[in-house]
Structures are given as C-alpha cells and as structure tokens.
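Close look at the chain arrangement
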Amino acid sequence: MKKRFCVFFILLLCTILFSAQLRIFTEISGKSQYYDEQHHLTGSTVELVREIQKRIGDTTEIEVVPWARGYCELKRGPSVLLFSTTLTEERKPLFKWVGPVLRLDWAFFVKKDSGITITSLEEAKQLTRIGSIHDDAREQFLKGEGFFNFESVRESSLNVRKLLAERVDAIISSDAGLYASMENIGVPKDAIVEAFSIRTYELFLAFSADTPDDTVFEWHEALSGMYEDGTFETIYRRFYPDRKLPVFKSLK
C-alpha cells in the first residue's frame with residue numbers, strides 16, 4: 001500500500017511539474033518572426049520575448065509551427081504562450097494577455113491594375129475569392145462578418161502568389177505582414193496595392209487560460225519594465241523605424 005502511494009505521489013508530482021512548464025509557440029510572420037540569412041529565428045517580437053525570458057530567467061525554447069497548430073495548442077493547453085496573437089473581442093475572454101507587442105493595419109489588397117475596387121465590406125463580399133490565412137484573426141473576422149468567399153492557405157506568401165496569378169481577387173492581410181512576404185519572395189512592393197482599409201489591431205502575447213496567474217504576471221511585469229526603460233522602443237525601432245509605437249496595457 002505504501003509503495004502504491006509513493007508511485008501515485010511521484011506520478012502526480014510529475015504531472016504538476018509538466019503542466020507548470022510553459023511551452024512557447026510562434027509562426028513565421030513578416031518582420032515580427034522570421035529566419036535571417038543564417039537561418040536564425042529573429043524578428044521584433046522574437047527579440048522582445050527573448051529579452052523578457054532573459055529578465056525572468058526563463059530558458060524555454062521557442063517552437064515555430066503553422067499558425068493553426070499554434071492556435072490549437074493555445075486553446076488546448078496546458079501552459080501555452082503563443083505570439084504574436086491579435087486581440088479581438090471574441091478572443092479576449094478565452095486567454096490571458098500581455099502586451100501589446102505590435103500594431104498592424106488590416107486591409108484588402110488587390111493586384112495592381114486589376115481594375116478591382118472595394119469601398120465597403122459589402123462590396124468585398126461580392127468578390128469571387130478572397131485569400132486568407134487558415135484560422136488566423138483576419139479569417140475569423142471574415143467569418144464573423146458573414147463572408148463565405150474566402151480561401152485558406154497556410155502562409156502569406158502563398159496568398160501573394162495566388163493574387164499575382166489571379167487565382168484570387170483580393171487578399172486580406174496586415175500591411176507589414178504582406179510587404180514582408182512580398183520582399184521574401186522577390187515581388188516588387190508596387191505589384192500589389194491596398195484597396196480598402198479595414199481597421200487597426202494590436203497583437204499580444206497570449207497565454208492559455210490554465211496558465212498560472214503568477215507566470216502571466218511575471219511576463220507582464222517584465223514587458224512593462226521594458227516599456228518604461230526604453231528597451232521596448234529600442235528593439236521595436238530596429239524592425240519598424242517609422243511605425244507608430246503601441247501603448248502598454250494592463251488587462252485583467
């Protein structure tokens with residue numbers, strides 16, 4: 001009986017320790033998260049996360065996965081951090097948030113000289129096909145607005161290629177993410193133009209709902225300190241010299 005209890009206790013302790021170990025996921029996206037010429041993971045948010053880790057003594061490896069996989073892990077847990085994650089009203093109660101770490105402008109983009117104009121969301125619904133990223137915030141936005149004319153892909157560069165090949169009429173994207181994808185595959189910046197601006201969103205570090213509050217608070221305080229001592233701006237400006245800085249928020 002005593003032996004059984006010891007085995008049970010050890011298993012329980014291992015379960016607690018495993019569940020408390022934070023797992024960190026991200027995707028490749030624009031200048032926020034990308035591989036440099038030496039195939040080292042870098043980007044504005046990657047460097048911000050690594051600075052936070054340095055300050056709190058966290059050595060967890062960042063895992064690069066497709067967005068849909070990372071979002072699935074975030075919803076499922078246990079103790080998952082996914083970045084950079086757009087904060088929407090629908091997502092807000094589902095996770096715990098630290099940030100923001102980035103501001104992005106959402107828009108519909110079309111191929112230059114395509115003759116396609118978009119002046120409203122209702123006009124966009126009349127297009128034959130809109131390129132989107134599977135299960136990301138912009139695709140969720142389209143679903144919430146009653147769009148049925150979107151086609152999902154796994155990464156932004158595929159949407160760029162489809163748009164230039166006229167396999168979709170428009171794509172929904174952030175400006176920064178789109179231009180970074182175009183640059184990565186050698187497409188001139190003026191080959192695609194903005195057709196309709198949707199809105200500005202902020203991206204955060206999102207923690208699964210079961211992540212201990214103490215862990216989230218530790219990350220929150222570290223990022224807050226980086227805003228206050230200028231480290232955030234220094235890192236941000238290396239990647240976005242002209243983009244407006246986010247403003248730190250305290251979210252319950």
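Residues numbered from 1 in each chain as written. Predicted model: local features only at pLDDT ≥ 70, side-chain atom pairs only at ≥ 80, totals over all residues. Heavy atoms only, no water.

The next point concerns the overall build of the protein. Across its full length, the protein holds nine helices and 10 strands. Each principal axis of the C-alpha distribution contributes one length, and for the protein these read about 75 × 45 × 35 Å. Residues classed as buried in the protein amount to 50% of the 252 residues present. By sequence separation, contacts in the protein at least 24 residues apart represent 71% of the contacts at least 6 residues apart. For the protein, the accessible surface area stands at approximately 13300 Å², while carbon and sulfur atoms represent 53% of it. Across the protein, 33 positive and 37 negative side-chain charges occur, with their mean positions spaced 5 Å apart. (Helix = DSSP H or I, 4+ residues; strand = E, 2+ residues; numbered from the N terminus. Buried < 20%, exposed > 50% of the residue type's maximum accessible area, 1.4 Å probe, protein only. Contact = heavy atoms within 4.5 Å. Areas by Shrake-Rupley, 256 points an atom, 1.4 Å probe, with all protein chains shown as cover. Lys, Arg positive; Asp, Glu negative; His and termini not counted. Charge placed at Lys NZ, Arg CZ, Asp CG, Glu CD.)

So, about the sheet that holds strand S7 (residues 130-133). Read across the open sheet, the eight strands follow the order S4-S1-S5-S10-S6-S9-S7-S8; overall the sheet is mixed. Looking along the sheet, the strands with just one partner apiece sit at the ends: strand S4 (62-64) and strand S8 (150-153). The average undirected angle you get between the axes of adjacent strands in this sheet is 30°. Here S7 runs beside S8; their pairing, made up of four bridges, is parallel. Residue Ile 133 lies in a different strand from S8, and its bridge partner there is Val 153. Seen against the sheet, helix H8 (residues 213-229) touches strand S1 (23-26), strand S5 (80-86), strand S6 (96-111) and strand S10 (192-207) and runs at an angle of roughly 70° to S6. (Pairing = 2+ DSSP bridges. Axes fitted to C-alpha atoms, helices over the stretch in contact; angles between N-to-C directions.)

Okay, helix H2 (residues 44-56) next. Compared with the 18 Å implied by 1.5 Å per residue over 13 residues, the 19 Å span of H2 between its first and last C-alpha is a close match. For H2, the buried fraction is high: 10 of the 13 residues fall into the buried class. Within H2 the residues assigned to the buried category are Ser 44, Thr 45, Val 46, Glu 47, Leu 48, Val 49, Glu 51, Ile 52, Gln 53 and Ile 56. Immediately downstream of H2, the backbone of Gly 57 shows phi near 75°, a positive value. (Expected span 1.5 Å × (residues − 1).)

This model, assessed by the stated rule, comprises 15 salt bridges. Its salt-bridge partner being Glu 73, residue Arg 23 comes within 3.2 Å of it at the nearest N-O pair. Separated by 50 residues along the polypeptide, Arg 23 in strand S1 and Glu 73 in helix H3 (residues 67-76) bring together distant segments of the chain. Here Arg 138 and Asp 136 are joined by a salt bridge, their closest N and O atoms 2.8 Å apart. With respect to burial, Arg 138 and Asp 136 carry one shared label: buried. (Salt bridge = Lys/Arg side-chain N within 4 Å of Asp/Glu carboxyl O.)

On to the packing of aromatic side chains. Per the stated rule, a full pass over the model turns up 15 aromatic pairs. Centre to centre, the rings of Phe 95 and Trp 97 are 5.9 Å apart; their planes meet at 70°, and the pair counts as edge-to-face. Of the two residues examined, Phe 95 and Trp 97, each falls in the buried class. In this structure an aromatic cluster arises from ring pairing among Trp 67, Tyr 71, Phe 95, Trp 97 and Phe 204. (Phe/Tyr/Trp six-rings, centres within 6.5 Å; stacked < 30°, edge-to-face > 60°.)

A few words on helix H6 (residues 156-164). Among the residues of H6, those classed as buried are Ser 157, Asn 159, Val 160, Lys 162 and Leu 163. Immediately beyond the C-terminal end of H6, within one or two residues, lies Glu 166, with a positive phi of roughly 60°.

Right, let's get into unusual backbone geometry. At the junction of Gly 77 and Pro 78, the peptide bond is cis and its omega measures out at 0° in the coordinates. Following the sequence through the fold, Pro 78 ends up in the loop between H3 and S5. With an omega of -10°, the peptide bond running from Phe 83 to Ser 84 counts as cis. Note that Ser 84 resides in strand S5. Of note in the backbone geometry, His 39 takes a positive phi value of approximately 60° without being a glycine. With a phi angle near 65°, Asp 113 is a residue other than glycine that sits in the positive phi range. Looking at the element boundaries, Asp 113 is found in the loop between S6 and helix H4 (121-125). What makes Asp 113 exposed here is its relative accessible area of 73%.

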